[in-house]
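# Geometric and topological summary
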Amino acid sequence: MSIASQHTTLVDLTMPLSSKTIPVPGHPAPMLTPLHLLERDGVRNTLMCMSLHTGTHVDAPSHFLEDGSAIDEIPLERFHRPGLRLDLTGIAPGAAISLEDLRRAGFDPGGTRETILLLASGWSDAAWQEPRLYGGNPYLATDAAEAIAEAGPSAIGLDFAVDHAKPWPNHSILLGADVLLIENLMGLPALPERDFDVLSFPLRIEGENGAPARVVASVPSAAESA
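Scope of this entry: the structure provided in the associated data block. (Residues numbered from 1 in each chain as written. Predicted model: local features only at pLDDT ≥ 70, side-chain atom pairs only at ≥ 80, totals over all residues. Heavy atoms only, no water.)

## Quick notes on the overall build of the protein
A tally of helices and strands in the protein yields 6 helices and 12 strands. Its C-alpha atoms give the protein a radius of gyration of 18 Å, within 12% of the compact-globule value 17 Å for 226 residues. With respect to the principal axes defined by its C-alpha atoms, the protein has extents near 60 × 45 × 35 Å. Here the protein holds 226 residues, and the buried ones make up 47% of them. Looking at the protein alone, contacts between residues at least 24 apart form 74% of all its contacts between residues at least 6 apart. Here the protein has roughly 11200 Å² of accessible surface; of this, 53% comes from carbon and sulfur atoms. (Helix = DSSP H or I, 4+ residues; strand = E, 2+ residues; numbered from the N terminus. Rg over C-alpha atoms; globule rule 2.2 N^0.38 Å. Buried < 20%, exposed > 50% of the residue type's maximum accessible area, 1.4 Å probe, protein only. Contact = heavy atoms within 4.5 Å. Areas by Shrake-Rupley, 256 points an atom, 1.4 Å probe, with all protein chains shown as cover.)

So, in structure tokens, the structure goes:
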């Protein structure tokens, strides 16, 4: 049940975006170039150039699937769902996160459908400004990705790269099951396990395979939770 009507605190889960944001290997670093200057043009404006899959973003099924939905074709309600958080902070850097790891963290396939399932390792909080963000990260083992796909959440949100290397099989497994991917989140370990909402609205870019997003958790205040 949505908690949007309660008194809540909004928690920003979005990775700061700048020219220093670490891109996926092989993608260009974000370029932000002044286009208009206040002292010259009377207004400030900036030209931005980057991959759609840089920083915090949502992957649409068309990112990997020939006939998959584009980001602007996905119903808005898919991006606002009750959140569930799994604590994976004990996972070692570079380790594969198995289905057994998910179970130890409380993964309940029957309780995840239509939620946004957050996988909280703490990795991005530690490494978001460092080249090791990609490469040294934990990632999902195939059995874990398949179990999540079968459970059918609306989306999963991660603070680590979902795949370890090409051909990125977990993307195909999850997007093929219409489970959206919300990548490069931060601050997940500090969230409660449940009883909060996730709002993850990507830019409405026509026909594209993903888009940057501002992702927020709406968490009940202490007074409301008591």
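## Concerning helix 5 (residues 169-176)
Within an α-helix, residues lying three or four positions from one another point in the same direction, as the helix has 3.6 residues per turn. Among all positions in helix 5, only Asn170, His171, Leu174 and Leu175 are buried. Seen end-on, helix 5 carries its buried residues on one side only, within an arc spanning 115 degrees. Lining the buried residues of helix 5 we find strand 4 (57-59), strand 8 (139-140), helix 4 (142-151), strand 9 (155-158) and strand 10 (180-183). Taken from the residues just after helix 5, Asp178 is the one with a positive phi, measuring 65 degrees. (Arc of directions from axis to C-beta.)

## Some details on the pairing of strand 7 (residues 116-120)
Among the 5 residues of strand 7, 5 are classified as buried, and the element is accordingly described as predominantly covered. What you see with strand 7 is no split at all: Ile116, Leu118 and Ala120 on one side and Leu117 and Leu119 on the other are buried throughout. Pairing geometry for strand 5 (residues 80-87) and strand 7, over 5 bridges, is parallel. The residue bridging Gly83 from the neighbouring strand is Ile116, located in strand 7. Bridge analysis of strand 7 against strand 9 gives 4 bridges, and the strand direction is parallel. Pairing of Leu118 across the sheet is with Gly157, part of strand 9. (Pairing = 2+ DSSP bridges.)

## Overview of a nonpolar patch on the surface
There is a patch of nonpolar side chains on the surface, built from Leu17, Leu32 and Met48 and spanning about 260 Å² of accessible area. Along the chain, Leu32 falls in strand 2 (residues 31-36). (Patch = residues over 30% accessible without salt bridge, like charges linked within 9 Å, V, L, I, M, F, W, Y side chains within 5 Å. Salt bridge = Lys/Arg side-chain N within 4 Å of Asp/Glu carboxyl O.)

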